[in-house]
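Chain by chain, the residues:
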Amino acid sequence: MNPTISLKIKRCDTQDGETYWEEFTIPYKPSMNIISCLMEIQKNPVNARGERTSPVTWESSCLEEVCGSCTMVINGHVRQACSTLVDKLTQPITIESMTKFPRVRDLVVNRKGLFENLKRVKAWIAIDGTHDLGPGPRMSAGEQTVGYELSRCMMCGCCLEACPQVNSHSNFVGAAIISQARLFNMHPTGQMNADERIDALMGDGGLSDCGNAQMCVEACPKEIPLTTSIAEMERSATKRAFKRLLGT
């Protein structure tokens, strides 16, 4: 008998529809990842009971753990479907969408809130007019090393999914947003808006909402030092508060 892979996928046909589990059995191939399993189902959308069904919907792009779009909850752990190998999983493999974002359909979620929070902390470098001023200050090798680590964030949402403080009762922006604020505050040009970013993180849903569970850093597929970023921004927020108090 040829080996097979058993999958249980939590599905939802419409944005506000009821969720339900559907099982699939597909042929096993060496070195398969979760995306290749979903593609097999897409080619022949027949469930384990032999019933014709609709293809499972999901998001993916780069297929090499760079874009972050294929984040799912696989066997109870949030991770990237493209880099999750079937050979390292117990079966049946359960696949669900992330729960901290509104579900659109099946494994597709709406990450608008994540990107709105990036806007909130001005997670970019304002370069208008700076080119004419000539070369800016150089970053040290140490700063570049730290900045590179932080810049590897792909906004996949793993840290938000793992964080107990990101829930329907909290406006907490999450570790990724805080870490990006730190990244742009480190940049010589980005420092012009440093106070604005810190002020945003001192408001509702910011640093004070972090419960220090440290599950974010465990879930991050890029091993970004998220808890270090949170601690650094908390120090910056404390300095900012003292400056406000002293009127400087």
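Residues numbered from 1 in each chain as written. Predicted model: local features only at pLDDT ≥ 70, side-chain atom pairs only at ≥ 80, totals over all residues. Heavy atoms only, no water.

**Student:** So what's going on with a nonpolar patch on the surface? Residues and values would help.
**Tutor:** On the surface, Phe242, Leu245 and Leu246 cluster together to form a nonpolar patch covering roughly 390 Å² of accessible area. Here leucine 245 is to be found in helix α8 (residues 226-246). Given the relative accessible area of 68%, leucine 245 is considered exposed. (Patch = residues over 30% accessible without salt bridge, like charges linked within 9 Å, V, L, I, M, F, W, Y side chains within 5 Å. Areas by Shrake-Rupley, 256 points an atom, 1.4 Å probe, with all protein chains shown as cover. Salt bridge = Lys/Arg side-chain N within 4 Å of Asp/Glu carboxyl O. Helix = DSSP H or I, 4+ residues; strand = E, 2+ residues; numbered from the N terminus. Buried < 20%, exposed > 50% of the residue type's maximum accessible area, 1.4 Å probe, protein only.)

**Student:** Could you give an account of the nonpolar core, naming the residues involved and the relevant values?
**Tutor:** With 41 residues, the main nonpolar core has Ile178 and Leu201 as its most contacted residues. Of all elements in the fold, only α2 (112-120), α4 (158-162), α5 (175-186), α6 (194-201), α7 (215-219) and α8 reach the threshold of two or more residues within this core. In terms of residues, this core owes the most to one element, α5, which gives 8 residues. Discounting chain neighbours no more than four positions away, the residues touching isoleucine 178 are Phe172, Val173, Leu201, Leu207, Ser229, Ile230 and Met233. Among the nonpolar cores identified, the runner-up in size contains 23 residues, and Met32, Leu38, Ile95 and Leu107 belong to it. (Core = buried A, V, L, I, M, F, W, Y, C linked by side-chain atoms within 4.5 Å. Contact = heavy atoms within 4.5 Å.)

**Student:** Which residues make up the packing of aromatic side chains, and what are the values?
**Tutor:** Under the definition given, this model contains 0 aromatic pairs. Over the ring of tryptophan 21 we find lysine 8; its NZ or CZ atom is 5.6 Å from the centre of that ring. (Phe/Tyr/Trp six-rings, centres within 6.5 Å; stacked < 30°, edge-to-face > 60°. Lys NZ or Arg CZ within 6 Å of the ring centre and 35° of its normal.)

**Student:** Which residues make up α6, and what are the values?
**Tutor:** Since the α-helix turns once every 3.6 residues, residues separated by three or four places project in the same direction. Where α6 is concerned, the buried positions are Ala194, Arg197, Ile198, Ala200 and Leu201. Buried residues of α6, seen end-on, are gathered within an arc of 160° and therefore sit on one face of the element. (Arc of directions from axis to C-beta.)

**Student:** A description of empty space enclosed by the protein should follow, citing residues and the corresponding values.
**Tutor:** Applying the stated rule across the entire model yields 1 cavity of 30 Å³ or more. The calculated volume of the largest cavity comes to roughly 90 Å³. As for the largest cavity, its lining consists of 13 residues, and the residues nearest its centre are Cys153, Cys156, Cys159, Cys220 and Ile224. Split by residue class, the lining of the largest cavity holds 11 nonpolar, 1 polar and 1 charged. (1 Å grid on protein atoms, 1.4 Å probe; cavity = no way out; pocket = protein on both sides within 12 Å on 5 of 7 lines; lining within 4 Å. Points joined across faces, edges and corners; volume = space filled by probe spheres on them. Nonpolar A, V, L, I, M, F, W, Y, C, P; charged D, E, K, R; others polar.)

**Student:** Give a description of the pairing of strand β4 (residues 77-80) that names residues and reports values.
**Tutor:** Burial along β4 is one-sided: Val78 and Gln80 are buried, and none of His77 and Arg79, which face the opposite way, are. As paired elements, strand β3 (residues 71-74) and β4 share 4 bridges and run antiparallel to each other. Counted as the bridge partner of valine 73 is valine 78 from β4. In this structure, the hairpin formed by β3 and β4 is closed by a connection of 2 residues, where asparagine 75 is found at a positive phi of approximately 50°. (Pairing = 2+ DSSP bridges.)

**Student:** How would you summarise the environment of arginine 79 if you had to cite specific residues and measurements?
**Tutor:** Mapping arginine 79 onto the fold places it in strand β4. C-alpha separation for the pair arginine 79 and methionine 215, spaced 136 residues apart in sequence, amounts to 13 Å. Setting aside residues no more than four positions away along its own chain, arginine 79 makes contact with Cys70, Thr71, Met72, Ile74, Thr84, Leu89 and Cys158.

**Student:** Quick rundown of the pairing of β3? Include the residues and the values.
**Tutor:** Side-chain alternation along β3 places Thr71 and Val73 on one buried face and Met72 and Ile74 on a second face that is also buried. As paired strands, β3 and strand β5 (residues 93-96) are joined by 2 bridges and run antiparallel to one another. Within β5, the position partnered with valine 73 by the bridge is glutamate 96.

**Student:** Give me the lowdown on the side chain of threonine 53, citing residues and values where you can.
**Tutor:** On the secondary structure map, threonine 53 appears in the loop between α1 (34-43) and β3. Residue threonine 53 is classed as buried on the basis of its relative accessible area of 17%. A polar atom in the side chain of threonine 53 sits 3.4 Å from the side chain of arginine 11. Other than its neighbours up to four places away in sequence, threonine 53 contacts Arg11, Glu22, Phe24, Pro45, Val46 and Asn47. (Polar contact = N/O pair within 3.5 Å; in protein donor to acceptor, adjacent residues only side chain to side chain.)

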